[in-house]
Structures are given as C-alpha cells and as structure tokens.
Amino acid sequence: MNNKYILETKDVSKVYDSNGLVVKAVNEVSLSVTAGEFIGLVGPSGSGKTTMLAMLATLLRETEGNLIIDGQDLGSMSDRERTKFRREKIGFTFQANNLVPYLTALENVELMMRLNKKNTRESRKRATELLVRLGMDDRLHNLPSQLSGGQQQRVAIARSLVHDPSVVLADEPTANLDTERANQVVQIFADLIHEQKRAGIMVTHDLRMCKYVDKVVQMVDGKIARVITDRDEINLLAGTSEFDKLPKQAPVEEKLHPVNSLFKSNLSPAPAGN
Amino acid sequence: MSIYLSLKEIWRNKGRFFLFSMVIALIAVLVLFTAGLGEGLASANKEYLEKLDADLLVFQGGTNYSTIESRLDYQKVKRIQRLDGLEDAGPIGFSNLKVVLPDGLETLDISFVGVNPGEPGSPPVFDGQSLSSRQAKVIVVDQRIAEQAQVNVGDMLTIKSTQGTDDKFFDLRVVGITDGRQYFFQPSAFVSLPNWDRYRPKADAGEYSSRPITNTIAVRLENPAAMTAMSAYIENSIVDVEVTDIRTAYESAPGYAAQQNTLNTMKGFTFLIGVLVIGGFFQIQTLQKVPQIGMLKAVGTPDQIVAGASILQIIFVTVFGVFLGGLATFGLTLGMPSSVPIIFTGTSVIVAVVSLLLIGPIGGMVSIRLALKVEPLTALGM
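Residues numbered from 1 in each chain as written. Chains lettered and ligands numbered in written order. Predicted model: local features only at pLDDT ≥ 70, side-chain atom pairs only at ≥ 80, totals over all residues. Heavy atoms only, no water.

(A) Region of the structure containing the overall build of chain A. Counting secondary structure elements, chain A contains 9 helices and 10 strands. Across chain A, contacts joining residues at least 24 apart in sequence account for 71% of those joining residues at least 6 apart. About 11600 Å² of surface is accessible on chain A, with carbon and sulfur atoms providing 45% of the total. (Helix = DSSP H or I, 4+ residues; strand = E, 2+ residues; numbered from the N terminus. Contact = heavy atoms within 4.5 Å. Areas by Shrake-Rupley, 256 points an atom, 1.4 Å probe, with all protein chains shown as cover.)

(B) Molecular detail of the overall build of chain B. Counting secondary structure elements, chain B contains 12 helices and 10 strands. Per-residue burial over chain B gives 51% buried out of 382 residues. At a minimum sequence separation of 6, the contacts of chain B that also span at least 24 residues come to 79%. Of the roughly 17400 Å² of accessible surface on chain B, a fraction of 58% belongs to carbon and sulfur atoms. (Buried < 20%, exposed > 50% of the residue type's maximum accessible area, 1.4 Å probe, protein only.)

(C) Looking closely at the interface of chain B and chain A. The interface of chain B with chain A comprises 23 residues on the first partner and 28 residues on the second. In total, chain B and chain A occlude about 2200 Å² of area from one another, counting both sides; carbon and sulfur atoms represent 69% of this. Linking chain B with chain A are 8 residue pairs in polar contact (both at pLDDT 80 or more). Looking at the side of chain B that touches chain A residue by residue, the class counts come to 14 nonpolar, 5 polar and 4 charged. (Buried area = accessible area lost by both parts, 1.4 Å probe. Polar contact = N/O pair within 3.5 Å; in protein donor to acceptor, adjacent residues only side chain to side chain. Nonpolar A, V, L, I, M, F, W, Y, C, P; charged D, E, K, R; others polar.)

(D) Up close: the pattern of salt bridges. All names here are of chain B. Across all of its chains, the model carries 25 salt bridges over all chains by this definition. Between Glu87 and Arg220 there is a salt bridge whose closest N-O contact spans 3.1 Å. Taken as a pair, Glu87 in strand E2 (residues 86-100) and Arg220 in strand E9 (residues 216-221) lie far apart in primary sequence, 133 residues in all. Note on Arg220: relative accessible area 17%, which makes it buried. When the shortest N-O distance is used, the salt bridge between Asp179 and Arg181 registers 2.9 Å. Taken together, the shared-partner salt bridges connect Glu47, Lys51, Arg144, Asp179 and Arg181 into one network. (Salt bridge = Lys/Arg side-chain N within 4 Å of Asp/Glu carboxyl O.)

(E) Representation of the sheet that holds strand E5 (residues 72-73) of chain A. All names here are of chain A. Across the sheet, 4 strands lie side by side as E2-E1-E4-E5; this open sheet has antiparallel pairing. Only two strands of the sheet have a single neighbouring strand rather than two, namely strand E2 (21-34) and E5. Of the pairings in the sheet, the one linking strand E1 (residues 5-18) to strand E4 (residues 64-69) comprises 5 bridges and is antiparallel in character. Across the sheet, residue Glu8 finds its bridge partner in E4, namely Ile68. (Pairing = 2+ DSSP bridges.)

(F) Summary view of the packing of aromatic side chains. Residues and elements named next belong to chain B. Considering all chains together, one arrives at 15 aromatic pairs over all chains under this definition. Centre to centre, the rings of Phe18 and Phe320 are 6.2 Å apart; their planes meet at 50°, and the pair counts as tilted. Of this pair, Phe18 sits in helix H2 (residues 14-50) while Phe320 sits in helix H10 (residues 303-334), and the two are 302 residues apart along the sequence. Taking relative accessible area as the criterion, Phe18 reaches 41% and is therefore assigned partly exposed. You can call Phe320 partly exposed: its relative accessible area is 36%. Each residue in the set Tyr48, Phe94, Tyr183, Phe184 and Phe190 is aromatic and connected to the rest through ring pairs, giving one cluster. (Phe/Tyr/Trp six-rings, centres within 6.5 Å; stacked < 30°, edge-to-face > 60°.)

In structure tokens:
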C-alpha cells in the first residue's frame, strides 16, 4: 500500500448469500484516492458502486480484501470502532433524508462537531463560515423544511466537511435536484474537496456531473470496468447523459452493452482497473 | 448529546408533543382521581379506627370483626382490663344519628360514638377540652361536623335521635373539637358511654345504662410488638371474643375490600391504557423517523445516543404530562364539593404518581428497541 493515498482498497469483494443464492456485488476492486482528489464512481444500477460506497463508509463489512483509510484497516475494527471512525474520519452526503428535520441548517452542520465532542465557539464559527461559503448565509437558522432541495444538499455538504474528515463520500447527491442546482452543488463540493485536501468519492448516475471530478471509475457487475483520468475524455463523457436513459434494472447483457458501446464509441480504450 | 437531540426535537415539534402530553395528563388525571378517591373512600371508612390510640380491637366471637354485629357487656370490659400485658382498654359503642344544622331544617348524618373518657377510643382534641366523665350533656365533635354545623367550643349542638317511634332532640354543649375521625363514611361525634346509651337511637327511650353494652374494646398493649401473642392470650383468657389488629378490623368492614378492589382494578386498567397509548405514540413516531435515525447512525452517531435521545424524550414528555395532570387534578379537587371523599396525601397517590412516571419508559421500550434496530443502509435506501 502506498502512503500517499488517503483511501486504498485492495481486491475488495462483497458477497451476499441469500438462501443459497450467492451474489458477488463487488468483485476484487482495487482503488486508491489521494488527498484533494475527487472521484466519480459511475455505472449502471446493480454494478456495485453503492455497495462499494457503503463499505468505504464502514456501514458494510467487506467479504474479502482490504479497505484502508488514513492508514487504518477498516476490516480489523470492531463495530464500535467503526462507528467512531465513521464519525471522525468520514463525511457523508446522501441522496435524500440528509438532514435532521428538527435542527436548523447551522445546527445540522454543528451536529458533527457535537458528535465529536468539539462543540466550541470556534466550531460554530467554522460551521457558519462553511455555510456562508456555500451561499447559505441568509438561511443559517432555517429548518430543512424551509429550504429548497439544493439548499438542503449544500447544508449536507457543509456537514460532511465541517469535522475535517479524511474521506468525503456522496451517494447520488444530485438525484433530487434540477440540472442547474445539481451543477452548483457538485461544483461547490468539488471545490471544497480540492481546497481542503480531502479524498472525495461521489456515486452518481448523472454523467454530466463527472466534469467536476478528477477521475471517473466505471463499475460493471461489481468490477471496475474502466478508469478515466484524461480530462478530455472526462469532459467528453460529461457532455452526455446516456446513463439517465438506461433502464434501471435491465438484464446484465442488455445494460452492459449500451454502456460499453458508449465508451467505445466516444473514448479510446483504457486499461481496466487503476 | 442525547439531551440536546431530544430537547431540540420536542421544542421544534412542541405542538405535537404538547398534545401528547395532554393525553398523558388526562390519563394522569384519571389515575390520580381514582387513587385519591380510593384513598378518600378508605379513609372515610377507617379514619377513626386508624387513628385509635390502641393496638388491638376485641369483638364478640363469631362476628368476623364486625362492629355492627359485635356486642360486649361491661363484665367483659372489666375482665379484659384486668389482664396482664395491657396498658389500657376502653369500650367503644357505635351508633348513627343526625345533627341539626344551623338553619334548623337540614340535618347531617354522623357516627355517634360512645367512649370512656381517658381510655383508648377517646379522641384527643386540638381545641377545647377532652371528654370528662364528670360532665353531662357535653360532646366532642370532629372537624367536619364543626365546619358543617358551624359550631365552636362552647356552642350548643342539637342532635336528633329516633327513640321508639319518636324523633327526639337533645342539646349538647361542644367542649372540644378533634381532627377528622370519620367512621363508615360519616363524621364522628363523641360522648361518654352513659350519654351515648341515653341519646343513641333505640327502641325504648327509657332504657339506658351507665354501663351499656358496647360494640368493641380498644386495647393498648404494654408491648405493641407482642400483638399476635397478646391477641391469642386475650382470646384464650376471655370467653366468646375475637381479637384483631386495627388494620384487619377496618379491612373486614363490610364493602371495604370490594370497594378498594374495584378502584384498584380501575387504576390497573387505566395504567394499562396509559402504557398502550404511550407505547403506540412513540412506536408510530419512531417508525416515521426511521430514515432520520438511519442517517444519524450513518454519520457515526452511537446507538446509546440514539437510544438515550428516545428515552429522554419519553421521560420529558411523561414528566410534563404527569405534572400537567397533577395540576389539573388539583384544580378539579378545588372545585369539588367536600362531600366527595378525595385525599391526595396517601401512599396510594404517591404510588400512582411513581407508576405514572414509569408508564412512559415502559410504553416506549418497544420504540427504543426499534430505534436501536434501525439499519442505516436499509433506512437510507442504499
């Protein structure tokens, strides 16, 4: 393992065994992210990207392989240690239900500081600054129900960054937003990840959002099918939104080809894996 | 952190939680009212006996400690008084008659109690003098009679007694006032035994004695700890008597057990309803909060904070509800006529309050378990 990476996975697999039906949701995935690097994890439904994200968030244990964040092997941790690790080292933004409905925007951001027992005047100042930076200065004391979807996601982004996590994860953060708001949210997210030198991973179906990431990792059938690091290729990919047109739960044969053909038709072949 | 989360949620949803506290308050009113009524009814039944300065009561044999059935003559009183190990013993006669109220038209039903002045059974007074065997035509009344008949020490009180087929009126001078001493749901007035026999309702007005037949004998022991042994000793020494402690005596009163059991059953069911209502409310609330709890867990909130917030929320709402219920009950009793026997100082009321405070956490236990079992991935639909 290389020390320059904040996040590394080595041959990570996740196998589900449901009544004798064995499904390998993630299959020997190796991935590494450096500080200040923002990765877009894309792929059709059922490709294993959300399972991968859940494992990185310590919400799910890997069946095989190693997940290492900040030099710590997640597999060797107890459940209690994993909860503590998640609280301290990971920032998380979800697709929906991101905020505590009875806490204001500022309180939602401060929540992470409180959970980490860092509820000082300084932490309040930091939370406020972050929200101001995200354009929420006039909404600090509004409840989530008084905020638009985009504003809620901005608060969630602030919450995912306020406690100085090493890794910031986002699961479909733009799923419920219109194009304009989606662009705003992901751009801010990318800027902060770059600025604050976090390792960021965003799972998304919306390829247009890939223009803000540094690297696109495409997963198919639980494996990394392709890694795109070239800016031109990423921009080319982000210029389309063909993923959106794909059936969500299509049979493997059906859902793979359009994706592959998309890449093949627009991009030069790239080696699988990283 | 748990306190912070629970208080924030309550504050930001104060309307909903206040309404729910009101439901708990109503349950509390019901429970407290039932408990107070139970205490009041029990007290109305036993107040005089409970306050007796005695350890044992002697009844006629085979009467099951019933003051109505029991008849004891003066010889038995004398024999009992001569037994070893007794500090004192006093005969008590019970009867019912009426006191004429100041307007001269209305009457008040009272327990008319005959005692030997200075012996067990004779009530202490807080105003005036105790009964004296040297004074005729005097009476000691309890506080309730003094209030309702509007008499003070030195005033004349008219009692109405049916003797033969005639209603007879006797004017007695109030020499002392004792505290509440109800017996069989009626306030009590005390006279010496010869006066009692003379004024009590009876078939023949001309028949009375200075040593009348009484209903029970109150016995004060030299060593109250030896109550059981002394009961047996008295029963073995005196023919045709049965002896018991004060508590058993009033619990044996007709209707006492049935009345208390009825009220206790009501209380039990109200508690059960309380547990189910509170349990149901928090269960529904937790189900509504599953995604939120999942998110909290996903960002690293420990289970104990999630559970702690739920428990504290239940406790806050329950305590507030019980407090509101207590206030409402207090307000209700202020407007209640004094004839409704409600007492809020008894043990059963304290037990009711403690139990009310416990029904929240008991009812909410299922929801706390549910909150702990929330799986972040499932809750967030990942």
